[in-house]
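# Fold and geometry: a report
Residue-level listing of the chains:
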Amino acid sequence: MFVVGDRRHGENFDLIQHYVDVLCQEIVQSVATATHDILPLDTVFFGGGTPSLISVRQLHQILATLDQHLGIGAGAEISIEMDPGTFDQEKLAGFAQGGINRVSLGVQAFQDELLALCGRSHNVREIYTALDMVHQVGVKNFSIDLISGLPRQTPDHWQESLEKALALAPTHLSHYDLIVEPVTAFGRFYQPGKTPLPSDWATAQMYRLAQATFTQAGYQHYEISNYARPGYSCRHNLVYWHRQPYYGFGMGAASYQGGYRFTRPRKSQLYFEWVANGPSQQGTQRNQPNGAEWVDSPQESLLETLMLGLRLSDGLNLMDLAKNFGEKTVEMVLNGLEPYLQKGWVEFSEIESEIESESQAGIENNKENDKTVLITTAKRPGFSGRICLTDPEGFLFSNTVLASLFDQFSNFVG
């Protein structure tokens, strides 16, 4: 769910209230015209822009609209992205009372000079103030976002950020590499040479260091950029990575329902006009300027399945892949990944039934001793096996692996 904010005007800014009203209108319209079964939501995620700048009343308005028209299931994970310095304890307490039970805090770094260089509006003191408020309010499930590859970031900076993040004992950690985009504050003032970025080699070392530091501290590296304490993986994001159906509401948000994709307009005025026109005017053609809706083609489905599945430490289940795309496709995938198996970037696993012998266990063989195990193997797995990228090297070179697979299936028709 994409929401907007304005640091100067905050909750009193009329545009924010107008946006929230239109957003709720879109929710009502989308549900009224749905052609699929409406099931209670298992997760809700407030992200994009700076959602922590909306008021408690506005957040309650959105959640009440969702609950009334879609339903929010008991025990749902309800998350919000929050930047330090954009909220106080009273607001966070109001969010929690409204249903927020997971907070994703955009820390990025623990050095004031680096935060300033990448255009962040908060400082280190505000990071600790924000985390203190999270604890005071009693939100136990919180995530910390860190960014490597920042201008003038050194290995010592990165080590310090990793250690300080761990000291805060979050349930979840996200580590992203900096991407310079013109639309961001950093992208607008970044000048190569004057604010130099670390080399690719240096950022790769930062990735390896983060992986070693977090996993040794007991976090599970369940996705290429994400780590969690057992039981605290982000349920909402797993929906995306498993290609399960989801709703998206607001500017630039995307939905995936019944094999259809739909992306809303990214500009506020276009979005307002699009909602005002009503569902019958919102279009169904892929290249419409105000949004796009289409049924997944076999090629798009396959490529997205490969891309998203290989982001996860569990990788891809070959039986599911064969069921959805055919055994011939699985053979092509395995052939395409063979070179990367030799490089140590890919692992094959095979499910085998193992029966403990009397000599091994000192007991009589019987059915109670049967067990199913997943064995990593250098051999090509059968259709009951799995494939995954290795951690950390396979994840580091995931773009190379995926580019090769994409090229192999460029003309795939199913």
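The secondary structure content of the chain amounts to 16 helices and 14 strands. Residues counted as buried form 48% of the 414 residues belonging to the chain. Considering only contacts within the chain whose residues lie at least 6 apart along the sequence, 69% involve residues at least 24 apart. For the chain, the accessible area works out to roughly 20,300 Å², and carbon and sulfur atoms hold 50% of it.

On to the pattern of salt bridges. The final tally for this structure, using the stated rule, is 8 salt bridges. One salt bridge connects E223 with R311, and the closest N-O pair in it is separated by 2.5 Å. Placement of E223 in strand 6 (residues 220-223) and of R311 in the loop between helix 11 (298-309) and strand 11 (316-317) is noted, with a sequence separation of 88 residues between them. Among the residues examined, R311 registers a relative accessible area of 28% and is labelled partly exposed. One network of salt bridges, with partners in common, ties together R243, R261 and E304.

One open sheet accounts for 7 strands, arranged 1-2-3-4-5-7-6; its pairing is mixed. Each edge of the open sheet is held by one strand with a lone partner, namely strand 1 (41-46) and strand 6. Neighbouring strand axes in the sheet, compared pairwise and without regard to direction, differ in orientation by 20° on average. Where strand 5 (residues 172-177) meets strand 7 (residues 226-228), 3 bridges bridge the pair, whose relative direction is antiparallel. Bridge pairing in strand 7 places H172 opposite A228. Helix-sheet contacts for helix 2 (residues 56-69) involve strand 1 and strand 2 (72-82), and the interaxial angle to strand 1 is about 155°. Contacting strand 4 (141-148) and strand 5, helix 6 (residues 155-167) runs over the sheet at an angle of about 180° to strand 4.

Below, the discussion takes up the packing of helix 6 against helix 8 (residues 200-216). It is at 11 Å that the axes of helix 6 and helix 8 come closest, and there the two elements cross at 25°. Judged by the angle between their axes, helix 6 and helix 8 are roughly parallel. Along this stretch, helix 6 crosses helix 8, giving a crossing that reads as right-handed. For the pair formed by helix 6 and helix 8, the contact residues are W158, Q159, L162 and L166 on the first element and M206, L209, A210, T213 and F214 on the second. Looking at the contact of helix 6 with helix 8, its residues break down into 7 nonpolar, 2 polar and no charged.

Turning next to the pairing of strand 2. As paired strands, strand 1 and strand 2 are joined by 5 bridges and run parallel to one another. When the bridges of strand 2 are listed, T43 appears paired with E77. You can see the chain leave strand 1, run along helix 2 and come back into strand 2, and the turn it takes is right-handed. Both strand 2 and strand 3 (residues 102-108) contribute to a ladder of 4 bridges, which runs parallel. Bridge pairing links S79 to R102 in strand 3.

Per-residue confidence for the chain gives a mean pLDDT of 86, with 81% of residues at or over 70. Note on residues 280-292: pLDDT under 50 across the span, and 26 contacts to partners over four residues away in sequence or across chains. Overall, residues 354-371 carries pLDDT values under 50, and its contacts beyond four positions in sequence, including any with other chains, amount to 21 contacts.

A few words now on the packing of aromatic side chains. In total, this model carries 14 aromatic pairs according to the counting rule given. Measuring from ring centre to ring centre gives 6.0 Å for F110 and Y128, while their planes differ by 55°; the resulting arrangement is tilted. Taken as a pair, F110 in the loop between strand 3 and helix 4 (112-117) and Y128 in helix 5 (residues 124-137) lie far apart in primary sequence, 18 residues in all. For F110, a relative accessible area of 3% translates into the label buried. Here Y128 falls in the partly exposed class, since its relative accessible area comes to 35%.

In this section: helix 1 (residues 14-32). For helix 1, with 19 residues, the first-to-last C-alpha span of 27 Å sits near the 27 Å given by 1.5 Å per residue. Residues of helix 1 that are buried: I16, Q17, Y19, V20, V22, L23, C24, E26, I27, Q29 and V31.

Taken together, the 6 bridges between strand 4 and strand 5 define a ladder with parallel strand orientation. From the neighbouring strand, I144 faces strand 5, where its bridge partner is L173. At this point the chain moves from strand 4, through helix 6, to the parallel strand 5, and the crossover so formed is right-handed.

Here we take up the packing of helix 1 against helix 10 (residues 268-277). One way to put it is that helix 1 packs onto helix 10 with a least axis distance of 10 Å and a crossing angle of 40°. On the basis of the axis angle, helix 1 is oblique to helix 10. Of the two possible hands of crossing, helix 1 and helix 10 adopt the one that is left-handed. Within the contact between the two elements, helix 1 uses L15, H18, Y19, V22, L23, Q25, E26 and Q29 and helix 10 uses Y271, F272, W274 and V275. For the contact of helix 1 with helix 10, a count of residues per class yields 8 nonpolar, 3 polar and 1 charged.

Rules and cut-offs
Residues numbered from 1 in each chain as written. Predicted model: local features only at pLDDT ≥ 70, side-chain atom pairs only at ≥ 80, totals over all residues. Heavy atoms only, no water. Helix = DSSP H or I, 4+ residues; strand = E, 2+ residues; numbered from the N terminus. Buried < 20%, exposed > 50% of the residue type's maximum accessible area, 1.4 Å probe, protein only. Contact = heavy atoms within 4.5 Å. Areas by Shrake-Rupley, 256 points an atom, 1.4 Å probe, with all protein chains shown as cover. Salt bridge = Lys/Arg side-chain N within 4 Å of Asp/Glu carboxyl O. Pairing = 2+ DSSP bridges. Axes fitted to C-alpha atoms, helices over the stretch in contact; angles between N-to-C directions. Parallel < 35°, antiparallel > 145°, perpendicular 65-115°, else oblique. Left-handed = near helix turned anticlockwise from the far one by under 90°. Nonpolar A, V, L, I, M, F, W, Y, C, P; charged D, E, K, R; others polar. Right-handed = clockwise from strand over helix to strand, strands pointing away. pLDDT = per-residue confidence, 0-100. Phe/Tyr/Trp six-rings, centres within 6.5 Å; stacked < 30°, edge-to-face > 60°. Expected span 1.5 Å × (residues − 1).

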